[in-house]
Amino acid sequence: MAGKIFVCTTCNRYAHAPPGEPTPGQKLAEAMIAIEGGRRGPVAIRTVVCLNNCPKPCAAALRQPGKYVIRFSGLSAGDAPALLEIAERYAASMDGDVPLRDFPEHLRCKVSDRIPPVRGVVPPVSEHGLVHDPVPALPGFAP
Ligand code: FES
């Protein structure tokens, strides 16, 4: 399954762009799309309205099922080539746990989250095809 890089186009939510002007997040997404030029690289570019990293704009995150989620903060349109470079390494990796030394140097300090994939948790499926939450309810809380 292909990976995606999500770019927040709301950033910077604390410094509104003048009417008609793209936000810094939109500029970052546009720069990445311009570089890609429809070449259909291994990681698709998607835009989102927030990546929960609002105090440190701009934000983007790499995500692929079964792989680490890697979120970046403090980005600008100038980071577009480096983001696409690391996106290719991420797509080629087994689990997305790309060593920091393999990141473009100026992106290393912009990694704000590395969230491991869930392993070994397969939700049980009933005979009716319903998927049950594998996490037991806490005592005192109804399931
Ligand atoms: S507005 Fe961009 S991360 Fe929240």
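Here, every reference points to the structure presented above.
Scope of this entry: the structure provided in the associated data block. Keep in mind that this is a model prediction, so the values were computed, not measured.

What counts, and at which threshold
Residues numbered from 1 in each chain as written. Predicted model: local features only at pLDDT ≥ 70, side-chain atom pairs only at ≥ 80, totals over all residues. Helix = DSSP H or I, 4+ residues; strand = E, 2+ residues; numbered from the N terminus. Expected span 1.5 Å × (residues − 1). Buried ≥ 20, exposed ≤ 12 C-beta atoms within 10 Å, placed from the backbone. Contact = placed C-beta atoms within 7 Å. Core = buried A, V, L, I, M, F, W, Y, C linked by C-beta atoms within 7 Å. Axes fitted to C-alpha atoms, helices over the stretch in contact; angles between N-to-C directions. Left-handed = near helix turned anticlockwise from the far one by under 90°. Nonpolar A, V, L, I, M, F, W, Y, C, P; charged D, E, K, R; others polar.

Here the focus is helix α1 (residues 24-36). Think of an α-helix as turning once every 3.6 residues; residues three or four places apart then point the same way. Across its 13 residues, α1 extends 18 Å between first and last C-alpha, which sits within 8% of the 18 Å expected from 1.5 Å per residue. If you check which residues of α1 are buried, you get Pro-24, Gly-25, Lys-27, Leu-28, Ala-29 and Met-32. Residues of α1 that are buried sit in contact with β1 (3-8), β2 (43-48), β3 (60-63) and α2 (80-92). Two residues or fewer after α1 comes Gly-37, characterised by a positive phi angle close to 55°.

Take the nonpolar core next. Ile-5, Val-7, Ala-59, Ala-60 and Ala-87 are the most contacted members of the largest nonpolar core, which has 28 residues in total. Elements that contribute at least two residues to this core include exactly β1, α1, β2, β3, β4 (69-72) and α2. Looking at which element gives the most residues to this core, the answer is α2, with seven residues. Those residues in contact with Ala-87 that lie beyond four places of it in its chain are Ile-5, Val-43 and Leu-62.

Put simply, Cys-11 and Asn-12 share a cis peptide bond, and its omega is 0°. Looking at the element boundaries, Asn-12 is found in the loop between β1 and α1. Positive phi, normally seen in glycine, also occurs at Asn-52, with a value near 60°.

Attention shifts here to the packing of α1 against α2. Where α1 contacts α2, the axes come no closer than 9 Å and their chain directions differ by 65°. Handedness of the α1/α2 crossing: right-handed. Across the interface between the two elements, Leu-28, Ala-31, Met-32, Ile-35 and Glu-36 from α1 touch Ala-80, Pro-81, Leu-83 and Leu-84 from α2. Looking at the contact of α1 with α2 residue by residue, the classes come out as eight nonpolar, no polar and one charged.

Any functional reading would require information that these geometric values do not contain.
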